[in-house]
Amino acid sequence: MSTLKVTSIQNPSTSSGGVSIDTSGHVTVDGVAMPSSGPLSNRNKIINGDMRIDQRNAGAAVTIPANAYTYSIDRWFGFCNQPSKFSLQQNAGAVTPPVGHSNYLGATSLSAYAVISTDYFALGQAIEGFNFADASWGTADAKTVTLSFQVYSSLTGTFGGAIQSSNQGRSYPFSYTVSSANTWTPIAITIAGDTTGTWVGATNGIGARVFWSLGSGSVQSGTAGAWVSGAPYSVTGATSVVGTNGATFYITGVQLEVGSVATPFEHRSYGDELARCQRYYYKIQPGQYDTFCLGYNRNTTLCQAFAPFPVTMRAAPTALETSGTASDYRILYLITAATCNAVPFFDHGSTTGSDIYFQVASGLTAGQGSKANSNTADAYLAWSAEL
Amino acid sequence: MTYKVFNTNSAGETIYARIDDDGVIRVTCSADHPPFQEWLAEGNEPLPADD
């Protein structure tokens, strides 16, 4: 056995492409970085990293309130301690996405807010433990991960973010630089795995949280590039997006993968990505006069219907979301369409489906079957099992 | 935003409705719904059911 020590392999007639090997042993084939660890497919632990799926808002902006994960596009939330300082929206500002992408998530500052020491403003995503356990964080075998994304901002400077444990007892603040305003900039950050701390492992709880800060006070900031106790969301001295009225921060192509190399963004099929999102949020909006689900009449006014979920949800939903307008819904029985006199309401849920009540003023016959329908295009039903 | 007692489910358990600031009910939930639990933990109490 012997080892061939070379830094590149090329066809004699070419001066580029081929295979190259850097000083860390990382391999690039025809300009494409190969993984340094883990599988070749299903590498990306971020769901909806190309910001395609927006079941909740269909491209509408969401102003972020205080103290609650508030979802914009699927899986992506805004989080802050002061309300109404920024909004999130799919394709906010309608700029051209980076090559190879069709969508992005845009944050827009709604005022010129001077961040105080305890403030935090961020967008982020929580990753389910089942999808993160292979990183083995919290053990001696903790694996290095690489976070890559494309960012575009009206501001320049050093920006910050952090990856945190489920109990926010451990955090790794990271920084990156945007040198040119209003220009898509690729970023890659390699993070050594945390060998200590409490990480939930293979459960349906939060495996890790990733935040991109839009402004953080000194109490909420730390030093980049090292694991610390606590939950800083950013790095000290980072640019504050919420500090400038109208400032923008756009992001797409987000990938978090095991290994020390940022491989090309893993483009998945639309159906695959939608199904991944539906594990956490599922919305039916069939259009006017179309079917939600089937049921039976419990009495003269109530139809109990069952809506199966297309994907096993992360956890059993405990609520039902509707348009809020009773007349958006109706029940079909025999040859009659009866408009609802109350919004459909939650009965119970499991990870595979939910029972719902539809109510009309009168006319149903107990024991007969009915069909729960939309009366308008605004009608929808939705369930959440977000982390 | 507040909550009120809305109805009972097929198991006889209370179902609550979230009343948004514009007076519209967009969410109905069981007692173990985490946002409802957080709202209760802040010292709030749901309104009684409509007569």
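### Section: the overall build of chain A
So, step 1. Each helix and strand in chain A was counted, giving one helix and 29 strands.
So, step 2. Projected onto its principal axes, the C-alpha positions of chain A cover 80 × 55 × 40 Å.
So, step 3. When each of the 387 residues of chain A is scored for burial, the buried share is 51%.
So, step 4. Considering chain A, the positive charge centre built from 18 side chains and the negative charge centre built from 21 side chains are found 3 Å apart.

### Some words on the interface of chain B and chain A
So, step 1. Across the contact, 16 residues belong to chain B and 17 residues belong to chain A.
So, step 2. The junction of chain B with chain A conceals about 1200 Å² of combined surface from both sides, 51% of it contributed by carbon and sulfur atoms.
So, step 3. For chain B, the biggest contributors to the area lost against chain A are S10(B), R26(B) and T28(B); these three give 38% of the whole.
So, step 4. Our enumeration of links across chain B and chain A arrives at zero salt bridges.
So, step 5. Our count for the chain B to chain A interface comes out at eight residue pairs in polar contact (both at pLDDT 80 or more).
So, step 6. Broken down by secondary-structure element, the contributors of at least two residues to the side of chain B that touches chain A are β1 (2-8) and β3 (25-29) of chain B.
So, step 7. Among the elements that make up the side of chain B that touches chain A, the one with the highest residue count is β3(B) (five residues).
So, step 8. When the residues that make up the side of chain B that touches chain A are grouped by side-chain class, the tally is seven nonpolar, seven polar and two charged.
So, step 9. Of the strand pairs in this sheet, strand β23 (residues 319-322) of chain A and β3(B) are connected by three bridges, and their pairing is antiparallel. Its bridge partner lying in β3(B), A319(A) is registered against C29(B).

### Observations concerning the domain arrangement of chain A
Residues and elements named next belong to chain A.
So, step 1. According to the domain assignment, chain A contains domain 1 (1-34), domain 2 (62-277) and domain 3 (279-384).
So, step 2. On a C-alpha basis, the centroid separation for the pair domain 2 and domain 3 is 36 Å.
So, step 3. Tallying the contact residues gives nine residues for domain 2 and six residues for domain 3.
So, step 4. Contact with domain 3 buries area across many residues of domain 2, yet E128, N204 and C277 alone supply 53% of it, more than any other trio.
So, step 5. Residue R279 pairs with E128 through a salt bridge whose shortest N-O separation is 2.7 Å.
So, step 6. Linking domain 2 with domain 3 are eight residue pairs in polar contact (both at pLDDT 80 or more).

Parameters at a glance
Within each chain, residues carry numbers counting from 1 in the order of the written sequence. Written order decides the labels, with chains lettered from A and ligands numbered from 1. With the structure being a predicted model, the display of local features is reserved for residues of pLDDT at least 70 and the display and counting of side-chain atom pairs for 80 or more, all residues being used for whole-chain, interface and lining totals. Here the side-chain values reflect all heavy atoms present in the structure, with hydrogen atoms and water set aside. Each helix corresponds to a stretch of at least 4 residues labelled H or I by DSSP, and each strand to a stretch of at least 2 residues labelled E; elements are numbered beginning at the N terminus. Throughout, exposure labels follow a simple rule: accessible area from a 1.4 Å probe, protein chains only, divided by the maximum for the residue type, with under 20% read as buried, over 50% as exposed, and the rest as partly exposed. Counted as positive: Lys and Arg. Counted as negative: Asp and Glu. His and the chain ends are not counted at all. A charge is said to be at NZ when it belongs to Lys, at CZ for Arg, at CG for Asp and at CD for Glu. Whether two residues touch is decided by their heavy atoms; if any such pair falls within 4.5 Å, the residues are in contact. Buried area: the accessible surface (1.4 Å probe) lost by two parts on joining, summed over both. Basic side-chain nitrogens of Lys or Arg form a salt bridge, by our definition, when they fall within 4 Å of a carboxyl oxygen of Asp or Glu. We call two N or O atoms a polar contact when they sit within 3.5 Å, provided that within protein one can donate a hydrogen and the other can accept it, with sequence-adjacent residues counted only if both atoms are side-chain atoms. Under this grouping Gly is polar, as are all residues other than the nonpolar Ala, Val, Leu, Ile, Met, Phe, Trp, Tyr, Cys and Pro and the charged Asp, Glu, Lys and Arg. When DSSP locates at least two bridges between a pair of strands, those strands are taken to pair. An automatic or database domain assignment provides the domain bounds reported here.

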